[in-house]
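Given next are the chains, with one letter for each unit.
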Amino acid sequence: MALERGDPPPPVVGYDLARFLAWLKKRDGYCDYEEGECYCRCAKTGIDLFGLVKEYGPGRIAIYRTNRTPSKKLVKLHDWNWADAWAIYYGVEIPHHRHRKGM
Amino acid sequence: MEEDNLPELPSSVEEYIGVPYGGLFGETVITHVVREIVADPEREFRPRYLAKMTGKSNVSVRDALDKLVDQNIMTKEYMDPQRPVYRVNPGSKRLDALTFLAYAVIDDREGTHCMRDAVFEYCRREVAFRFAGEHEREKGVSYTGASPRSLLRGSQANPGRYAESGGG
C-alpha cells in the first residue's frame, strides 16, 4: 500500500500487530518469548514471533537470550516511534470504550 | 534471526526485566495483574490466563482480580459459574492513568516520548468523543468508537501479513 503524508512510518503494520506492539510497549517493551507466544495464541493473532523479527528487522523488534540460568528467550521492542505511531493509528494506545475481545 | 543463534541480552536491560512499573510498586501479585490488564484492556481475562502470564497461582490471581472488582477497575461476569470472566471497566480513569504510567516508565528509562504522545492522543480522543456526542445527539445516532484519526480520514491502512482481523 502507498502511505499517505501524515501516515505512520513504514513498514506498514496491521491491526493485530499494532495491538501486539501496544501490549509489548505497556509491558516495558519486552516479554518472555513464552508470554509473547501465549498472548498471540490467546488473542488468535497468528503472529509468529521469529517471523516477525525476520520481516520487520531486529532494529525494530528482536529476540534475545538472557544471561541468567536457565537461559530464557526474551522479545524486546526497539523502535518506539514506529510502534507508537501504529498503535495510535489503530487506536490501541490507550483504553477505549469500544467492545472488547474474548479469549 | 535463528533460534539457536540468538544475541545475548545487554546486561543493562536485564536489570529491569520481570518487575512491573520498574519496581515502583514492588513485586506483588496485584501489581503483576494490573500490568497485564493495562497492557491489553480490550481482552476478557480469566484467572488461568493471568496466572500463566504472571507466574503466580490461580488463587492469588483471583484474589487480586476480586480486589480490582471491588475498586471498580474491573467487572466480573458469571457466564459459567465455575469460570468467571473479568473485564476492565473502560470508564475507569485510574486505568487511563496506569496506562500513562506504563509509558512514563519507558520514557524515564529510554528518553522517549511515549507518554506525551499517548496524552496527546487521549486529549484528541476526548475532544472527538465530546464533539461526536453532541453532534450525534442532535442526529440521534450513537458513537461508534472510531479513533479521531480514522474519523478525520475515513480510511484504514491496508492490513499486512500480521493484521487480518481488521479491528476490534
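Residues numbered from 1 in each chain as written. Chains lettered and ligands numbered in written order. Predicted model: local features only at pLDDT ≥ 70, side-chain atom pairs only at ≥ 80, totals over all residues.

Caption draft 1: Summary view of the overall build of chain A. Along the backbone of chain A there are 4 helices and 3 strands. Going from the N terminus to the C terminus, chain A shows its helices and strands as α-β-α-α-β-β-α. Residue burial in chain A is summarised as follows: out of 103 residues, 48% are buried. Of the contacts made within chain A by residues no fewer than 6 positions apart, 56% connect residues no fewer than 24 positions apart. (Helix = DSSP H or I, 4+ residues; strand = E, 2+ residues; numbered from the N terminus. Buried ≥ 20, exposed ≤ 12 C-beta atoms within 10 Å, placed from the backbone. Contact = placed C-beta atoms within 7 Å.)

Caption draft 2: Region of the structure containing the packing of helix H3 (residues 47-54) of chain B against helix H4 (residues 58-70) of chain B. Residue and element names in this part refer to chain B. At their nearest, the axes of H3 and H4 sit 9 Å apart, and the two run at 110° to each other. What the angle tells us is that H3 and H4 run roughly perpendicular. Here H3 runs over H4; the crossing is right-handed. On the side of H3, the interface is formed by Pro47, Arg48, Leu50, Ala51 and Thr54, while H4 contributes Asn58, Val61, Arg62 and Leu65. Counted by class, the contact of H3 with H4 contains 5 nonpolar, 2 polar and 2 charged residues. (Axes fitted to C-alpha atoms, helices over the stretch in contact; angles between N-to-C directions. Parallel < 35°, antiparallel > 145°, perpendicular 65-115°, else oblique. Left-handed = near helix turned anticlockwise from the far one by under 90°. Nonpolar A, V, L, I, M, F, W, Y, C, P; charged D, E, K, R; others polar.)

Caption draft 3: Structural detail: the nonpolar core. Ala18, Phe20, Leu21, Trp86 and Ala87 of chain A together with Val33 of chain B are the most contacted members of the largest nonpolar core, which has 60 residues in total. For this core, the element with the most residues is helix H1 (residues 15-26) of chain A, which contributes 8 residues. Mapped onto the domain boundaries, this core takes at least three residues apiece from domain 1 (8-90) and domain 2 (94-152) of chain B. Leaving out residues up to four positions away in the same chain, Phe20 of chain A has contacts with Tyr39, Cys40, Thr45 and Ile47 of chain A. (Core = buried A, V, L, I, M, F, W, Y, C linked by C-beta atoms within 7 Å. Domains from an automatic or database assignment.)

Caption draft 4: Up close: H3 of chain B. For H3 of chain B, every residue scored as buried is listed here: Pro47, Leu50, Met53 and Thr54 of chain B. In a view along the axis of H3 of chain B, the buried residues occupy a sector of 130°, so they form one face of it. Here the buried face of H3 of chain B lies against helix H2 (33-42) of chain A together with helix H2 (29-39) and H4 of chain B. After H3 of chain B finishes, the residue Gly55 of chain B shows a positive phi value of roughly 75°. (Arc of directions from axis to C-beta.)

Caption draft 5: Region of interest: H2 of chain A. Along H2 of chain A, the positions that sit buried rather than exposed are Glu35, Gly36, Tyr39 and Cys40 of chain A. Seen end-on, H2 of chain A carries its buried residues on one side only, within an arc spanning 130°. Considering only its buried residues, H2 of chain A is in contact with H1, strand E1 (30-32), helix H3 (49-56) and strand E3 (73-77) of chain A together with H3 of chain B. Directly beyond the C-terminal end of H2 of chain A, a positive phi value near 55° is found at Lys44 of chain A.

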